[in-house]
Amino acid sequence: MIRWATALKWLALGFMAASFSASAQQQLTEGKQFQRIKNPQTVESGSKIEVVEFFSYGCIHCYHFEEFIGPWAKKIPADVSFKRIPVAFQPAWVSLGKVFYTLEALGREDLSLKVFQSIHDANVRLHEEKVFFDWAASNGLDVAKVKEMWGSFAVNSKMNRAKTLAQNYQVDSTPMVFVDGKFRPIFGPGSIEFKDAGAALDFLVAKARSERNKK
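Now for a look at the structure at hand.

**Description of unusual backbone geometry**
Okay, step 1: At the junction of Thr174 and Pro175, the peptide bond is cis and its omega measures out at -5 degrees in the coordinates.
Okay, step 2: Among the structural elements, Pro175 can be located in the loop between helix H7 (153-168) and strand E4 (176-179).
Okay, step 3: Look at Gln170: it is not a glycine, yet its phi comes out positive at around 55 degrees.
Okay, step 4: When you line up the elements, Gln170 lands in the loop between H7 and E4.

**Comments concerning the packing of aromatic side chains**
Okay, step 1: Summed over the entire model, instances satisfying the criterion amount to 21 aromatic pairs.
Okay, step 2: Both rings, one in Phe54 and one in Tyr169, keep their centres 5.4 Å apart while their planes meet at 55 degrees; by these two values the pair is tilted. Residue Phe54 is located in strand E2 (residues 49-55), and its partner Tyr169 is located in the loop between H7 and E4; the two are separated by 115 residues in the primary sequence.
Okay, step 3: Of the residues examined, Phe54 reaches a relative accessible area of 0% and is grouped as buried.
Okay, step 4: With 5.1 Å between their ring centres and 65 degrees between their planes, Phe100 and Tyr101 make a pair best called edge-to-face. A single burial state applies to Phe100 and to Tyr101, both of which are buried.

**A short note on the nonpolar core**
Okay, step 1: With 38 residues, the main nonpolar core has Phe54, Tyr57, Val99, Val115 and Val171 as its most contacted residues.
Okay, step 2: Of all the elements in the fold, those that place two or more residues in this core are E2, helix H2 (60-73), helix H3 (91-105), helix H4 (112-120), helix H5 (129-138), helix H6 (143-150), H7 and E4.
Okay, step 3: Element by element, the count of residues in this core is highest for H3, at six residues.
Okay, step 4: Residue contacts for Tyr57: discarding those within four places in its chain leaves Leu96, Val99, Phe100, Leu103, Ser112, Val115, Phe116, Ile119 and His120.

**Here's the deal with the pairing of E2**
Okay, step 1: Across the seven residues that make up E2, a large majority, seven, are buried.
Okay, step 2: Burial along E2 is two-sided: Ile49, Val51, Glu53 and Phe55 facing one way and Glu50, Val52 and Phe54 facing the other are all buried.
Okay, step 3: For the crossover that starts at E2, traverses H2 and ends in the parallel strand E3 (residues 80-86), the hand is right-handed.

**A word on the environment of Val177**
Okay, step 1: Looking at the secondary structure, you find Val177 in strand E4.
Okay, step 2: Residue Val177 is classed as buried on the basis of its relative accessible area, which comes to 0%.
Okay, step 3: Not counting the four nearest positions on each side in its chain, Val177 is found in contact with Val51, Val52, Glu53, Phe65, Phe183, Arg184, Pro185, Phe187 and Leu201.

**Some details on the state of the cysteines**
By definition, a disulfide links the sulfur atoms of two cysteines through a covalent bond.
Okay, step 1: Per the counting criterion, the structure on display carries zero disulfides.
Okay, step 2: In this structure Cys59 is a free cysteine whose sulfur lies 3.0 Å from that of Cys62, the closest cysteine sulfur available.
Okay, step 3: On the basis of relative accessibility, which here comes to 5%, the residue Cys59 falls in the buried class.
Okay, step 4: Classification of Cys62 by relative accessible area gives buried; the value is 0%.

**Some words on the packing of H5 against H6**
Okay, step 1: As a packed pair, H5 and H6 sit with axes 9 Å apart at the nearest point and diverge in direction by 140 degrees. With respect to their mutual orientation, H5 and H6 come out oblique. The handedness of the crossing between H5 and H6 comes out as right-handed. Contact residues: H5 offers Glu129, Phe132, Phe133, Ala136 and Ala137, while H6 offers Val143, Val146, Lys147 and Trp150.
Okay, step 2: For the contact of H5 with H6, a count of residues per class yields seven nonpolar, no polar and two charged.

**Side note on the pattern of salt bridges**
Okay, step 1: All chains considered together, the criterion is met by 17 salt bridges.
Okay, step 2: In this structure, Glu211 and Arg36 form a salt bridge, with 2.7 Å as the shortest nitrogen-oxygen distance. Taken as a pair, Glu211 in helix H8 (residues 197-213) and Arg36 in strand E1 (residues 34-36) lie far apart in primary sequence, 175 residues in all.
Okay, step 3: The buried category is assigned to Glu211, whose relative accessible area is 18%.
Okay, step 4: With a relative accessible area of 36%, Arg36 lands in the partly exposed category.
Okay, step 5: Between Arg125 and Glu128 there is a salt bridge whose closest N-O contact spans 2.5 Å.
Okay, step 6: Owing to a relative accessible area of 47%, Arg125 belongs among the partly exposed residues under this scheme.
Okay, step 7: Overlapping salt bridges bring together Glu30, Arg36, Lys182, Lys207 and Glu211 as one network.

Criteria and cut-off values
Residues numbered from 1 in each chain as written. Predicted model: local features only at pLDDT ≥ 70, side-chain atom pairs only at ≥ 80, totals over all residues. Heavy atoms only, no water. Helix = DSSP H or I, 4+ residues; strand = E, 2+ residues; numbered from the N terminus. Phe/Tyr/Trp six-rings, centres within 6.5 Å; stacked < 30°, edge-to-face > 60°. Buried < 20%, exposed > 50% of the residue type's maximum accessible area, 1.4 Å probe, protein only. Core = buried A, V, L, I, M, F, W, Y, C linked by side-chain atoms within 4.5 Å. Contact = heavy atoms within 4.5 Å. Right-handed = clockwise from strand over helix to strand, strands pointing away. Disulfide = S-S within 2.5 Å. Axes fitted to C-alpha atoms, helices over the stretch in contact; angles between N-to-C directions. Parallel < 35°, antiparallel > 145°, perpendicular 65-115°, else oblique. Left-handed = near helix turned anticlockwise from the far one by under 90°. Nonpolar A, V, L, I, M, F, W, Y, C, P; charged D, E, K, R; others polar. Salt bridge = Lys/Arg side-chain N within 4 Å of Asp/Glu carboxyl O.

Just geometry here; none of it tells us what the structure is for.
What follows is the structure, given as structure tokens:
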């Protein structure tokens, strides 16, 4: 009897594991885990499938999301393009958007996580010009180049373009992600948890790829 009980116990655990595995592999449901947006946007990545994250360094949820979207972005397939676009829901976020584009122009996107940490863990007011310039110097950047890029036409043009894109995509919260100009994964309770963002994006990228191949 003990042997049978043990066998049944392990059999039940096996069924549970299989169930969990099957659940993890289920497709995302349109309207629940993702939406097909009403007005698809033209992507700027050419033949590549474009994944866009609208975010702000000032957004605590974006900081939490970075733990999962960051590693995923480093392992994307060759036919996928990933880019971040800063939003400006408030004046301080305009400056933080300029921080992002300044670091991007200098090839120092690797400092993005440190920007998040400085703002949310150390309460550094990086939206203030002088504070950002001092922070940049403390992180080994050439302050003269930082100041030049900060006030440059290129950075200001990108901020204007970012504002237009946010309006086109009807972005009203952050982080908000779009795949190939038409799919938006829904993050939140009952939908997709941040920790499952990578798998969700892989699914939507595959869906976008499949739809492109049918054309």
